[in-house]
Amino acid sequence: MKKILLVILMLFPLVLDAECTYKEKYELNALASYINYSYDYNRDTELFTITLYNVDEKVEIRYENAVYYPENGQILIENIAPGSRLSLDVYSTINNECYNEYLRVIYISVPYYNTFYGSILCEGHEDLDICNSEFLGYKISNKTFILLLNNDQFSLKEDEEKVEEEIDEVWYENVFVFFQDYYIKILVTIVTTVVTVSIYNVLYRKIRHKL
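Residues numbered from 1 in each chain as written. Predicted model: local features only at pLDDT ≥ 70, side-chain atom pairs only at ≥ 80, totals over all residues. Heavy atoms only, no water.

Asker: I'm lost on the overall build of the protein chain in this one. Help?
Answerer: The secondary structure content of the protein chain amounts to four helices and nine strands. Moving toward the C terminus, one meets the helices and strands of the protein chain in the order α-α-β-β-β-β-β-β-β-β-α-β-α. Within the protein chain, the proportion of its 211 residues that are buried is 22%. Taking all contacts inside the protein chain whose residues are at least 6 apart in sequence as the whole, residues at least 24 apart take part in 52%. (Helix = DSSP H or I, 4+ residues; strand = E, 2+ residues; numbered from the N terminus. Buried < 20%, exposed > 50% of the residue type's maximum accessible area, 1.4 Å probe, protein only. Contact = heavy atoms within 4.5 Å.)

Laid out in structure tokens, this is it:
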């Protein structure tokens, strides 16, 4: 037993003196850069769960005085409130020569769940973000939601009026172009008709009165 303790004591300074090489730092920074994330919303708790992927065993995540270690390349951070802003610090673990080396920070903005998504009130307003997005980067109140719907309805009416005005303008333009292109023919036809009717009336009177 004494011999084992002696060997450990002899090797301990070597562990402390292990050199953090440039190659090791480069590898750690590369591993940290591969980390990505996603989030899932729990409608029962109304909270989010952040899932970090591609987390190597040589790195750890520090967030709010807690340290998270990967399991099968993943780290779960649960019970995150909507609208939270997370700053996750990535450090190297004791599993390499560069222990406690700061590598990067991961910023995560958690959205708000849109309670109006897919609601009956959104029928006819599917083009609005408040109606077609399940999550929003801002919190929306009932008052703001109704206001946005009213504004969209007003915009739709304006668009309809513009379309009607454009149709009227096109109709007048078409009529003008028609007369511009055919007014000579129309004029000749009218004059010919008037002359013909006049001649017919003269002849008719002469025949009737035997002149």
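So much for the structure itself; the text now carries on.
Asker: When you look at the state of the cysteines in this model, what are you seeing that I'm missing?
Answerer: Here is the idea: a disulfide is a covalent bond, and it sits between the sulfur atoms of two cysteines. Within the structure shown, the criterion is met by two disulfides. Here cysteine 20 engages in a disulfide with cysteine 98; their sulfurs sit 1.8 Å apart. Residues cysteine 20 and cysteine 98 share a disulfide whose torsion about the S-S bond is about 105°; that sign makes it right-handed. Pair noted here: cysteine 20 is in the loop between α1 (2-16) and α2 (22-33) and cysteine 98 is in the loop between β6 (85-92) and β7 (102-109), with a separation of 78 residues, a long-range link. Using a relative accessible area of 26% as the deciding quantity, one classes cysteine 20 as partly exposed. The residue that forms a disulfide with cysteine 122 is cysteine 131, at a sulfur-sulfur distance of 2.2 Å. Measuring the twist about the S-S bond at about -80°, one finds the cysteine 122-cysteine 131 disulfide to be left-handed. Note on cysteine 131: relative accessible area 7%, which makes it buried. (Disulfide = S-S within 2.5 Å.)

Asker: Sorry if this is basic, but what is going on with the pattern of salt bridges here?
Answerer: Pairing is possible between side chains of opposite charge, provided their charged atoms come close. As enumerated under the stated definition, the model contains three salt bridges in all. The partner of glutamate 134 in a salt bridge is arginine 43, and the shortest N-O contact between them spans 2.3 Å. On the criterion of sequence distance, the pair formed by glutamate 134 in the loop between α3 (129-132) and β9 (135-136) and arginine 43 in the loop between β1 (36-42) and β2 (47-53) is long-range, its members being 91 residues apart. You can call glutamate 134 partly exposed: its relative accessible area is 25%. (Salt bridge = Lys/Arg side-chain N within 4 Å of Asp/Glu carboxyl O.)

Asker: Sorry, what's going on with the sheet that holds β6 here?
Answerer: Pairing is antiparallel across the open sheet formed by four strands, whose spatial order is β4-β3-β6-β7. Each edge of the open sheet is held by one strand with a lone partner, namely β4 (66-68) and β7. Averaged over all neighbouring strand pairs, the angle between strand axes comes to 30°, with direction disregarded. Contacting β3 (59-63), β6 and β7, α2 runs over the sheet at an angle of about 10° to β7. (Pairing = 2+ DSSP bridges. Axes fitted to C-alpha atoms, helices over the stretch in contact; angles between N-to-C directions.)

Asker: How do you make sense of the side chain of serine 92 when you look at a structure like this?
Answerer: Note that serine 92 resides in strand β6. Within the local environment of serine 92, its side chain forms a polar contact with the backbone nitrogen of asparagine 100, the two atoms lying 3.1 Å apart. For serine 92, the side chain forms a polar contact with the main-chain nitrogen of glutamate 101, separated by 2.7 Å. In contact with serine 92, not counting residues within four places along its chain, are Leu28, Lys58, Val59, Glu60, Cys98, Tyr99, Asn100, Glu101 and Leu103. (Polar contact = N/O pair within 3.5 Å; in protein donor to acceptor, adjacent residues only side chain to side chain.)

Asker: Looking at this structure, I do not really get the packing of aromatic side chains. What am I missing?
Answerer: Where two aromatic rings form a pair, the distance of their centres and the angle of their planes describe that pair. Using the criterion set out here, one finds nine aromatic pairs in the structure. When the centroid spacing of 3.9 Å and the interplanar angle of 5° are considered together, the rings of phenylalanine 116 and phenylalanine 145 count as stacked. One end of the pair, phenylalanine 116, is in the loop between β8 (112-113) and α3; the other, phenylalanine 145, is in helix α4 (residues 142-209), with 29 residues separating them in the sequence. For the residue pair phenylalanine 116 and phenylalanine 145, the accessibility class agrees, reading buried in each case. One aromatic cluster in this structure is built from Tyr39, Tyr41, Phe48, Tyr113 and Phe135. The ring centre of tyrosine 91 lies 3.8 Å from the NZ or CZ of arginine 62, which sits over that ring. (Phe/Tyr/Trp six-rings, centres within 6.5 Å; stacked < 30°, edge-to-face > 60°. Lys NZ or Arg CZ within 6 Å of the ring centre and 35° of its normal.)

Asker: When you look at the sheet that holds β1 in this model, what are you seeing that I'm missing?
Answerer: Picture the strands of a sheet paired through backbone hydrogen bonds; they go either parallel or antiparallel. Spatially, the three strands line up as an open sheet ordered β1-β2-β5, and their pairing is antiparallel. Each having just a single partner strand, β1 and β5 (75-80) make up the two edges of the open sheet. For this sheet, the mean angle separating the axes of adjacent strands, direction not counted, is 20°. Across four bridges, the pairing between β2 and β5 is antiparallel.

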